[in-house]
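Listed here are the chains, written in short residue letters.
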Amino acid sequence: MKQLLTRVPDELHKKLRARAKATGESMNSQVVTFLADSLAAQDRPRERIRKLAESKGLLAQVPAPLNPETANELSNKIPSGFGAAVLSALESERSRS
């Protein structure tokens, strides 16, 4: 195992020490976990983009897809002529499940 010596700002060191104490882990363990998670996220572009959007307050919560029974109930309640787009969206939901 390799050793890495690095300098960090005093405030960051203080926060890391407090977190390590709170979780019962060593500072080294915390740093290794942070580095591994960060590098793994960089390998997954979708995750990197999600984290960036979340940090900018741009992440929207999307409801779970409808289950087939609920989608069928809704499609039966839509009057004919309501719109092909709505029916198409419901079909799309059904095919995902």
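Residues numbered from 1 in each chain as written. Predicted model: local features only at pLDDT ≥ 70, side-chain atom pairs only at ≥ 80, totals over all residues. Heavy atoms only, no water.

**Here we look at the overall build of the chain**
- When helices and strands are tallied, the chain shows five helices and zero strands.
- When the elements of the chain are put in sequence order from the N terminus, they spell out α-α-α-α-α.
- The C-alpha atoms of the chain give a radius of gyration of 24 Å, which is well past the 13 Å a tight globule of 97 residues would have.
- Its C-alpha atoms give the chain principal-axis dimensions of about 70 × 25 × 25 Å.
- Counting across all 97 residues of the chain, residues that qualify as buried make up 10%.
- Counted over contacts in the chain with a minimum sequence separation of 6, partners at least 24 positions apart contribute 20%.
- As displayed, the chain offers around 8700 Å² of accessible surface, 57% of which is attributable to carbon and sulfur atoms.
- Side-chain charges in the chain split into 16 positive and 11 negative, and the spacing between the mean points of these groups amounts to 8 Å. (Helix = DSSP H or I, 4+ residues; strand = E, 2+ residues; numbered from the N terminus. Rg over C-alpha atoms; globule rule 2.2 N^0.38 Å. Buried < 20%, exposed > 50% of the residue type's maximum accessible area, 1.4 Å probe, protein only. Contact = heavy atoms within 4.5 Å. Areas by Shrake-Rupley, 256 points an atom, 1.4 Å probe, with all protein chains shown as cover. Lys, Arg positive; Asp, Glu negative; His and termini not counted. Charge placed at Lys NZ, Arg CZ, Asp CG, Glu CD.)

**Some words on the pattern of salt bridges**
- Per the counting criterion, the structure on display carries one salt bridge.
- Taking the shortest distance from any N to any O, the salt bridge between Arg50 and Glu54 comes out at 3.2 Å. Within this pair, Arg50 and its partner Glu54 are both found in helix α3 (residues 45–55), separated by four residues, close to a single helical turn.
- Its relative accessible area of 45% is what places Glu54 among the partly exposed residues. (Salt bridge = Lys/Arg side-chain N within 4 Å of Asp/Glu carboxyl O.)

**What to know about the side chain of Gln30**
- Along the polypeptide, Gln30 turns up in helix α2 (residues 27–43).
- For Gln30, a relative accessible area of 4% puts it in the buried group.
- Apart from the residues lying within four places of it in its own chain, the contact partners of Gln30 are Leu16, Arg19, Ala20, Thr23 and Glu25.

**Points about the packing of helix α1 (residues 10–23) against α2**
- Put simply, α1 and α2 touch, their axes get as near as 9 Å, and they point 105° apart. Between α1 and α2, the interaxial angle falls into the category roughly perpendicular. Contact with α1, carried on its side by His13, Leu16, Arg17, Arg19, Ala20 and Thr23, involves Met27, Gln30, Val31 and Phe34 of α2 and no other residues of that element.
- Per-class residue counts for the contact of α1 with α2 are five nonpolar, three polar and two charged. (Axes fitted to C-alpha atoms, helices over the stretch in contact; angles between N-to-C directions. Parallel < 35°, antiparallel > 145°, perpendicular 65-115°, else oblique. Nonpolar A, V, L, I, M, F, W, Y, C, P; charged D, E, K, R; others polar.)

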